[in-house]
Amino acid sequence: MNTPFIRNHQYNIIKKQIGLLQNACNTVSDPKVVESVRYSAQHKIIEAFPDASELQKPLLEQAVSLRTTGEFQQYLHSLAPYMVPFPSLTAKQLAKLYPKVKKLKTPDLTAIDYRYVTYLGWVDIATNKLFIVYELNGKPVGIEGRYTPTNKGVCFLCNRHEEVALFSAVTKWRPANASPDYYKAIGNYLCVDSEACNRNITDVGALEKFIREVTGTPES
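Owing to the predicted nature of the structure, the values given are computational and were not obtained by experimental measurement.

(A) How the structure looks around the sheet that holds strand β1 (residues 120–124). As summarised here, the arrangement of the five strands in space is β1-β2-β3-β4-β5, forming an open sheet in which the pairing is antiparallel. Two strands bound the open sheet, and with one partner strand each, they are β1 and β5 (185–191). Direction aside, neighbouring strands of the sheet carry axes that sit 35 degrees apart on average. Where β1 meets strand β2 (residues 129–136), five bridges bridge the pair, whose relative direction is antiparallel. Within β2, the residue paired with leucine 120 across the bridge is valine 133.

Listed below in structure tokens is the structure:
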């Protein structure tokens, strides 16, 4: 039985390194350069799984023995059973994460392949709000914020140059002696297309930090 252990952002790391290695195999004639890329790919893939078991490591190490386009594609396809899916949520469960939002508009949840999701993100154009759901400390957490489209820029989550929007959320954390009208907003540039962001994201550190700042959740 295959025990899932690869999260989406880790899969993206593997996919990126496989792409670099495939490109080297197809375009570089110097064997030493190819082997250098192969070594680097192996190091970065293994580094992304510090808790990998002795049973899981051989699957990860297979990546560096690949040589043909067909082998690279087949390897990525073979990882699907080992993907840890994002917890699937119903519209009612999502609504509970946003108790102050009346008639929450949600994405088409049936069209989502949760294996390739790090966070759920969607926009309500009517209210200019963007919603994010992420599993933090084993529980789904929802945050919402003002959505202001801009132009091309670097997304703070995936670090890729994409169409971005300024996502500004009001933090729930309040200083001990704060006045009743205390207000603090935290803003960052985020991919307009959350699907593209989920395909690119290779690190959840910035996302978790942002959610902790907005929700006032301390690190565990």
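(B) Focus on the pattern of salt bridges. The final tally for this structure, using the stated rule, is four salt bridges. One salt bridge connects arginine 38 with glutamate 35, and the closest N-O pair in it is separated by 3.3 Å. Here glutamate 35 and arginine 38 lie together in helix α2 (residues 31–47), a separation of three residues that amounts to about one turn. On the basis of relative accessible area, glutamate 35 is assigned to the partly exposed category, the value being 41%. One salt bridge in this structure joins aspartate 113 and arginine 115, with 2.8 Å as the shortest N-O distance.

(C) Molecular detail of α2. Spanning 17 residues, α2 covers 24 Å between terminal C-alpha atoms, matching the ideal 24 Å at 1.5 Å per step. Residues of α2 that are buried sit in contact with α1 (8–27) and α3 (57–61). N-cap assignment for α2: the residue whose side-chain oxygen lies 3.0 Å from the backbone N of lysine 32 is aspartate 30.

(D) Focus on helix α4 (residues 69–78). What α4 keeps buried is the set Phe72, Tyr75 and Leu76. The arc enclosing the buried residues of α4, seen along the axis, measures out at 95 degrees, which places them on a common side. Looking at α4, the residues exposed on the side facing more than 90 degrees away from the buried face are Gln73 and His77. For α4, the elements touching its buried residues are α1 and α3.

(E) Examining a positive patch on the surface more closely. Judged by side-chain charge, Lys15, Lys16, Lys44, Arg160 and Arg199 come together as a positively charged surface patch. As for its position among the elements, lysine 15 is in helix α1. A relative accessible area of 30% places lysine 15 in the partly exposed class.

Rules of the game
- Residues numbered from 1 in each chain as written.
- Predicted model: local features only at pLDDT ≥ 70, side-chain atom pairs only at ≥ 80, totals over all residues.
- Heavy atoms only, no water.
- Pairing = 2+ DSSP bridges.
- Helix = DSSP H or I, 4+ residues; strand = E, 2+ residues; numbered from the N terminus.
- Axes fitted to C-alpha atoms, helices over the stretch in contact; angles between N-to-C directions.
- Salt bridge = Lys/Arg side-chain N within 4 Å of Asp/Glu carboxyl O.
- Buried < 20%, exposed > 50% of the residue type's maximum accessible area, 1.4 Å probe, protein only.
- Expected span 1.5 Å × (residues − 1).
- Contact = heavy atoms within 4.5 Å.
- Polar contact = N/O pair within 3.5 Å; in protein donor to acceptor, adjacent residues only side chain to side chain.
- Arc of directions from axis to C-beta.
- Patch = residues over 30% accessible without salt bridge, like charges linked within 9 Å, V, L, I, M, F, W, Y side chains within 5 Å.
- Areas by Shrake-Rupley, 256 points an atom, 1.4 Å probe, with all protein chains shown as cover.
- Lys, Arg positive; Asp, Glu negative; His and termini not counted.
- Charge placed at Lys NZ, Arg CZ, Asp CG, Glu CD.

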